[in-house]
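So the chains spell out like this:
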Amino acid sequence: MKKVLKISGLVLLGLLVIWTFIFLYKKSRPKVKTYQIETVTKNNIEKRTVATGKVQPRNEILIKPQMSGIISEIYKEAGEQVVAGDIIAKIQVIPDMVNLSSAESRVERARLSADQSRSNYERDKKLFETQVISKEEFEKTQLQYRNDQEELRAATDNLSLVRTGITQSSAKYSNTLVRATVSGTILDIPVKVGNSVIQSNNFNDGTTIASVADLNDMLFIGKIDETEVGKLSAEMPMEITIGAIQERKIAARLEYVSPKGVEENGAILFEMKAAMEMPTDVFIRAGYSANADIILDRRDSVLSIPESCIEFNNDTAFVYVVKNEKPQEFERKQVKAGLSDGINIEILEGLKLNEKVRGNEIIETTKK
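Residues numbered from 1 in each chain as written. Predicted model: local features only at pLDDT ≥ 70, side-chain atom pairs only at ≥ 80, totals over all residues. Heavy atoms only, no water.

Enquirer: Can you help me understand the overall build of the protein chain in this one?
Expert: Looking only at helices and strands, the protein chain has 4 helices and 21 strands in total. For the protein chain, buried positions account for 31% of its 368 residues. Sequence separation of at least 24 residues holds for 72% of the intrachain contacts in the protein chain that already meet a minimum separation of 6. Here the protein chain has roughly 24,300 Å² of accessible surface; of this, 50% comes from carbon and sulfur atoms. (Helix = DSSP H or I, 4+ residues; strand = E, 2+ residues; numbered from the N terminus. Buried < 20%, exposed > 50% of the residue type's maximum accessible area, 1.4 Å probe, protein only. Contact = heavy atoms within 4.5 Å. Areas by Shrake-Rupley, 256 points an atom, 1.4 Å probe, with all protein chains shown as cover.)

Structure, rendered in structure tokens:
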């Protein structure tokens, strides 16, 4: 019995040794790599970049008052459409006491002169009718009378203007009425009834009563990196994606690239503007954040392969052309590459349509 157990042990030991040798032999043999096979096809290749920015009206007009005072009424709200000439607000004038006193004094002097000239005119008119004075003397008196009447009217209008900002002769076009200077949509009315406002002058920009813009003429205004700005040109097409309306892409064309860059976070950026083709079925609000997808270059219906098939050595590109699929055999071949979109790359020379090349290695995974 002991002899049988001894023989069995030796057999098991021998089998273990043989298995170990077989295992080590298999491990020492080089693994055969398997690769995906890619075919040369014709594709459209586009090289793109993305610029971030905002959607803004081409022209945003700030409406300023033509006189200082206090807002007494506001007739419009943000979001309303206005036509040039529409009244937006009304200003109540707070008169300066020095100017008011001077205007009242001028009216009184003008009234005294008008009363005196009226008396002279009526007296000389009777004398002229009885031929006591000449026509020339009477016309002088008549002229003085008319001048004094006009001065009284002007002084009265000036007093009314100082007190209320309105004159009797131009009440309809009073400066106290703030009117829209352009047609469009009111973007904002930053003042409220009771706010003091200042007219624009050489030392002050004046208080903004409202901002008005045409929302049918919008621009994408963004910034692009210095490494790509040299590839931009006027009329270059792009697609605008608005953050609030991500499912919709809006066509646009580049209009302007700034000649001067600005440093931001260590990078040099250049401002760019693109005119958007505004859709009629979607309301685009001013100030939306947006991205511009810019087509820097495009090739239509060109030979291409996945860029991962290319092997670069200095400035030379190589591919491995399939000589045999089973077992896989490849031949290294030099090619001339063109435009790349990051996935596919254009082949200018070295390959033909439907020719097969080596792709990525297939990694075999063992299921547990």
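Enquirer: Would you take a moment to explain the nonpolar core for this structure?
Expert: One finds Phe220, Met238, Ile240, Ile242, Met276, Ile284 and Ile294 to be the most contacted residues of the largest nonpolar core, which totals 27 residues. Going through the elements one at a time, strand E2 (41-57), strand E11 (218-225), strand E12 (237-242), strand E13 (245-257), strand E15 (267-276) and strand E16 (289-306) are the ones with two or more residues in this core. Ile71, Val82, Ile88 and Val178 belong to the second largest nonpolar core, which has 15 residues in total. (Core = buried A, V, L, I, M, F, W, Y, C linked by side-chain atoms within 4.5 Å.)

Enquirer: Is there a simple way to think about the pairing of E15 in this case?
Expert: As paired strands, E11 and E15 are joined by 7 bridges and run antiparallel to one another. Residue pairing across strands places leucine 219 opposite alanine 275, the latter belonging to E15. Pairing analysis gives 5 bridges linking E13 to E15, with the strands arranged antiparallel. Within E15, the position partnered with arginine 253 by the bridge is alanine 275. Pairing geometry for strand E14 (residues 262-264) and E15, over 3 bridges, is antiparallel. Looking at E15, one finds that valine 262 is bridged to leucine 269. (Pairing = 2+ DSSP bridges.)

Enquirer: In this structure, what is going on with unusual backbone geometry? I would like to understand it.
Expert: Negative phi values dominate among residues other than glycine, just as trans dominates among peptide bonds. In this chain, lysine 326 is followed by proline 327 through a cis amide linkage whose omega measures -10°. Relative to the helices and strands, proline 327 is located in the loop between strand E18 (316-324) and strand E19 (329-340). In the Ramachandran plot, asparagine 314 falls in the positive-phi region, its phi being about 60° despite a non-glycine side chain. Residue position: asparagine 314 is located in the loop between strand E17 (311-313) and E18.

Enquirer: Even after reading the chapter, I still don't get the sheet that holds strand E4 (residues 69-74), so can you show me in this structure?
Expert: One open sheet holds the 4 strands; their spatial order is E7-E6-E4-E9, and the pairing between them is antiparallel. The outermost strands of the open sheet, each flanked by one partner alone, are strand E7 (177-179) and strand E9 (196-197). One ladder, built from 4 bridges, connects E4 with strand E6 (residues 87-92); its direction is antiparallel. Its bridge partner lying in E6, isoleucine 70 is registered against glutamine 92.

Enquirer: Can you walk me through the confidence of the model for the protein chain in this structure?
Expert: Reading fine detail from the predicted coordinates is not recommended where pLDDT is low. For the protein chain, mean pLDDT is 85; residues scoring 70 or higher make up 88% of the total. Per-residue pLDDT, averaged within each element of the protein chain, yields its smallest value for helix H1 (residues 2-28) (68) and its largest for strand E10 (residues 210-213) (95). (pLDDT = per-residue confidence, 0-100.)

Enquirer: What is the right way to look at the sheet that holds E10 in this model?
Expert: Strand pairs in the sheet, formed through backbone hydrogen bonds, run parallel or antiparallel to each other. Spatial strand order, E3-E10-E8-E5: 4 strands in an open sheet with antiparallel pairing. Each of the sheet's edge strands pairs with one partner strand only, and the pair in question is strand E3 (60-63) and strand E5 (81-82). Of the strand pairs in this sheet, strand E8 (residues 184-188) and E10 are connected by 3 bridges, and their pairing is antiparallel. Pairing of threonine 185 across the sheet is with alanine 213, part of E10.

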